[in-house]
Amino acid sequence: MGTIIEACVTDIGDYRDVPVVEVLVGPGDRVEADTTVVVLESDKATLDIPSGHGGTVAEVLVKAGDLVSCGSAVLKLRAGAGLPKRVILEA
């Protein structure tokens, strides 16, 4: 079955409330650790946020237009056993 983990945005510098411009996955999609799952856009850069772990998307917690900051949960991922419940994603 696997463990459900909450994948969260990593440290994105001094930015807060960065808009989600695109969500690239949906429930049931299979992702690898480096699969981009959401795209953020600050006033200076576009940031591709990868899943951080391989697994199956159980639930997407954000949509285009939502604002996220470091630590914001973006999805729930069904992954292999033994993983922590909360994972910080690397930009």
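Structure first, text after, so check above.
Just so we're clear, the structure is a prediction, and the values are computed from it rather than from any experiment. (Residues numbered from 1 in each chain as written. Predicted model: local features only at pLDDT ≥ 70, side-chain atom pairs only at ≥ 80, totals over all residues. Heavy atoms only, no water.)

Caption draft 1: Up close: the overall build of the protein. When helices and strands are counted, the protein shows zero helices and nine strands. Order of helices (α) and strands (β) in the protein, N terminus to C terminus: β-β-β-β-β-β-β-β-β. Across the 91 residues in the protein, those meeting the buried criterion constitute 34%. Counting only contacts in the protein whose residues sit at least 6 apart along the sequence, the fraction spanning at least 24 positions is 62%. Accessible surface, the protein: about 4900 Å² in total, of which carbon and sulfur atoms supply 48%. (Helix = DSSP H or I, 4+ residues; strand = E, 2+ residues; numbered from the N terminus. Buried < 20%, exposed > 50% of the residue type's maximum accessible area, 1.4 Å probe, protein only. Contact = heavy atoms within 4.5 Å. Areas by Shrake-Rupley, 256 points an atom, 1.4 Å probe, with all protein chains shown as cover.)

Caption draft 2: Geometry of the nonpolar core. Ranked by internal contacts, the top residues of the largest apolar core, which has 19 residues, are Val 38, Leu 40 and Leu 75. Listing elements by their share of this core, those giving two or more residues are strand S1 (3-8), strand S2 (18-23), strand S4 (36-41) and strand S8 (73-79). Among residues more than four places away in sequence, those in contact with Leu 75 are Ile 5, Glu 6, Ala 7, Val 25, Val 37, Glu 59, Val 60 and Leu 61. (Core = buried A, V, L, I, M, F, W, Y, C linked by side-chain atoms within 4.5 Å.)

Caption draft 3: The pattern of salt bridges, seen in detail. With the rule as written, the count across this model stands at one salt bridge. As a salt-bridge pair, Lys 63 and Asp 66 come within 3.0 Å of each other at their nearest N and O atoms. (Salt bridge = Lys/Arg side-chain N within 4 Å of Asp/Glu carboxyl O.)

Caption draft 4: Expanded view of the sheet that holds strand S7 (residues 67-68). The sheet built from four strands is open, its strands ordered S5-S4-S2-S7 with antiparallel pairing. For this open sheet the edge positions go to strand S5 (46-50) and S7, each flanked by a neighbour on one side alone. (Pairing = 2+ DSSP bridges.)

Caption draft 5: Structural view of the state of the cysteines. Taken as a whole and judged by the stated rule, the model has zero disulfides. For Cys 8, which is in no disulfide, the shortest distance to another cysteine sulfur is to Cys 70 and amounts to 8.9 Å. Under the relative-accessibility criterion, Cys 8 is labelled buried at 0%. (Disulfide = S-S within 2.5 Å.)

Caption draft 6: Expanded view of the pairing of S5. As defined by bridge partners, S4 adjoins S5 across five bridges and the pair is classed as antiparallel. Residue pairing across strands places Thr 36 opposite Pro 50, the latter belonging to S5. Here S4 folds back onto S5, and the loop between the two strands holds four residues.

Caption draft 7: The environment of Val 23, seen in detail. Along the chain, the position of Val 23 falls in strand S2. A C-alpha to C-alpha distance of 8.5 Å links Val 23 and Val 60, two positions 37 residues apart in sequence. Residues in contact with Val 23, not counting those within four places in the same chain, are Val 37, Val 38, Val 60, Val 62, Lys 63 and Ala 64.

Caption draft 8: Region of interest: the environment of Val 68. For Val 68, the location among the structural elements is in strand S7. C-alpha separation for the pair Val 68 and Leu 40, spaced 28 residues apart in sequence, amounts to 8.4 Å. With sequence-adjacent residues up to four places away left out, Val 68 is seen in contact with Val 9, Ile 12, Arg 16, Asp 17, Val 18, Val 20, Leu 40 and Val 62.

Remember that the coordinates give geometry; whether it matters functionally is a separate question.
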